[in-house]
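Chain by chain, the residues:
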Amino acid sequence: MEYTVLKGTHDIINNEAYNYSYIENLLSNIAKIYNFKEFRIPIIEKTSLFVRSVGESSDVVRKEMYSFLDKGEREITLRPEFTAGIIRSIVNNKLLFNDVPVKAFYCGPVFRYERPQLGRYRQFNQFGIEIVGSNSYLRDVECIVFGYNALKMLGFKDVRLVINTLGDANSRKLYKEKLVEYFSKHIDEMCADCHERLEINPLRILDCKNEDDQHIIFNAPKISDFLSKESNERFQNILNCLDILGVEYTVDEKLVRGLDYYSETVFEYHYTSEKGINYGAIGGGGFYNNLVKEIGGPDVSGVGLSFGIERLFNILKDNNLLAKDDGLDVYIIPIGNISNQYLSVLFTTIRDYGFSCDINLESSSFSSSFKKAERNNAKFAIIVGEEEINTHILTVKNIETKEQFKVVENDLISFLDKNLEEDNDHCHE
Ligand code: AMP
């Protein structure tokens with residue numbers, strides 16, 4: 001075939017698209033309960049926005065951005081994540097001068113030039129939240145609990161929340177120095193990526209997945225030994241809240257996350273199915289205190305989290321948790337030579353009253369029409385032949401029970417109302 005999807009991209013169609021909407025709607029509705037407001041921001045931003053915020057030492061900026069010069073020679077990037085754009089929008093629109101915190105939720109595609117593999121795409125979708133303009137650690141708790149409860153509501157049973165603190169800037173500085181000292185002694189035995197990480201950001205070595213490096217990483221200095229009193233207290237307060245709320249977590253001192261703006265709390269949600277399939281991180285987030293200022297706003301901090309919709313969908317699919325499409329209310333089956341004017345009035349009237357409806361115009365056999373009705377998951381088929389037209393009495397068949405009714409044309413809407421009222425909530429007084 002001449003045209004196929006680009007590597008790392010995918011079409012989302014039919015039941016998959018239905019379930020993407022289901023996931024996004026469920027998350028949006030929970031976000032509204034938490035008083036988050038929707039933000040829709042551009043997909044393209046200035047390249048420098050991401051370089052400044054996500055950070056020059058992150059893999060995202062160093063290797064994965066879709067950057068290009070536009071026709072006006074501007075350096076543009078397809079967003080590789082949302083947080084930087086959300087903060088830019090909050091700053092541009094001066095929202096921090098009104099009510100703080102600003103609570104934003106978002107959803108849409110992001111782009112990263114990564115090596116495609118199972119659950120890893122070059123264009124994928126994220127849903128996330130940000131709370132900006134508050135320093136209270138309870139805001140971290142709010143984000144963590146939002147994610148935890150949202151995954152429960154999607155039906156995920158074995159969510160593992162992993163949490164860590166990166167400490168404040170000073171704690172991190174001390175810690176990084178110790179890491180450099182430690183890893184410099186062992187770097188000759190470590191992978192090529194770690195050599196690079198040692199130069200750019202030694203914290204990222206802790207994230208290395210190379211088996212042979214693990215024993216060296218295991219014995220590395222721990223952040224907990226370098227935390228300031230305030231950072232330690234902040235972290236313990238968060239863990240206490242999670243304990244009280246019954247949110248289970250594991251503290252993993254190796255969790256550093258890939259984006260450079262994080263400080264203090266970082267967390268991720270991991271999922272392993274009952275069958276033992278490990279889906280890795282399905283969402284993650286953390287606290288940031290320099291980002292808003294870095295992007296030109298006031299000196300305030302924020303906290304956020306984002307989920308990858310593709311990974312959530314894959315888990316739903318593999319664990320029989322997919323939502324089912326409601327299907328059609330009515331499928332019209334014309335038999336013989338029925339006037340198009342009559343049919344057009346019939347399907348338009350039904351739709352005008354808010355019932356979902358389609359019609360078979362493409363095949364002539366009754367059995368194939370009926371199969372089409374079933375494939376469309378229709379609740380009722382309306383069979384229209386010459387007799388129905390002459391008598392103004394329609395034949396309506398309940399697809400599931402196979403029960404057949406004779407319905408006077410003028411009574412059709414009230415018939416549908418009565419028989420579909422449990423499924424639908426139509427407003428057409
Ligand atoms: P991050 O912005 O890197 O913290 O990623 C947040 C979430 O987005 C992850 O937990 C994944 O669920 C998802 N994600 C990240 N990268 C990819 C990718 N290349 N393909 C699909 N999902 C991804």
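Quick note: structure is the one above.
Keep in mind that what you see is a predicted model, and the values were worked out from it rather than measured.

(A) Representation of the side chain of D213. With respect to the helices and strands, D213 occurs in the loop between α7 (192–200) and α8 (214–218). Of the side chains with opposite charge, R197 lies nearest to the buried D213, which makes no salt bridge, at 6.1 Å. The residues contacting D213, other than those within four sequence positions of it, are E189, M190, C191, C194 and C208.

(B) Seen up close, helix α9 (residues 229–245). Across its 17 residues, α9 extends 24 Å between first and last C-alpha, which sits within 8% of the 24 Å expected from 1.5 Å per residue. Looking at α9, one finds that the buried residues are S231, R234, F235, I238, L239, C241 and L242. One side of α9 holds all its buried residues, which, seen down the axis, span an arc of 155 degrees. Facing away from the buried side of α9, by more than 90 degrees, are the exposed residues K229, E230 and I244. Where α9 is buried, its residues meet α5 (137–153), β7 (159–165), α6 (169–186), β8 (249–251), β9 (263–272) and β10 (278–288). G246, located one to two residues past α9, shows a positive phi value of around 75 degrees.

(C) A look at the sheet that holds strand β4 (residues 75–78). A sheet is described by the order of its strands in space; here three strands give the open sequence β2-β4-β3, paired in antiparallel fashion. At either margin of the open sheet sits one strand with a lone partner, and together these are β2 (44–46) and β3 (66–69). Direction aside, the axes of adjacent strands within the sheet are offset by 35 degrees on average. Two elements, β3 and β4, share four bridges in a ladder whose sense is antiparallel. Opposite L69, over in β4, you have E75 as the bridge partner. Of the strands in this sheet, β2, β3 and β4 touch helix α2 (residues 47–54), which is tilted by about 75 degrees from β2.

(D) Focus on the sheet that holds strand β15 (residues 393–398). With respect to topology, five strands assemble into an open sheet ordered β13-β12-β14-β15-β16, the strand pairing being mixed. Bordering the open sheet on either side are β13 (357–359) and β16 (404–408), each of which pairs with just one other strand. Each adjacent strand pair in this sheet contributes to an overall mean axis angle of 25 degrees, direction not counted. Sheet topology note: the strand β12 (residues 330–334)/strand β14 (residues 380–384) ladder contains five bridges and is parallel. Within β14, the position partnered with Y331 by the bridge is A381.

The rules behind each value
Residues numbered from 1 in each chain as written. Predicted model: local features only at pLDDT ≥ 70, side-chain atom pairs only at ≥ 80, totals over all residues. Heavy atoms only, no water. Helix = DSSP H or I, 4+ residues; strand = E, 2+ residues; numbered from the N terminus. Buried < 20%, exposed > 50% of the residue type's maximum accessible area, 1.4 Å probe, protein only. Lys, Arg positive; Asp, Glu negative; His and termini not counted. Salt bridge = Lys/Arg side-chain N within 4 Å of Asp/Glu carboxyl O. Contact = heavy atoms within 4.5 Å. Expected span 1.5 Å × (residues − 1). Arc of directions from axis to C-beta. Pairing = 2+ DSSP bridges. Axes fitted to C-alpha atoms, helices over the stretch in contact; angles between N-to-C directions.

This is a description of form; function is not addressed.
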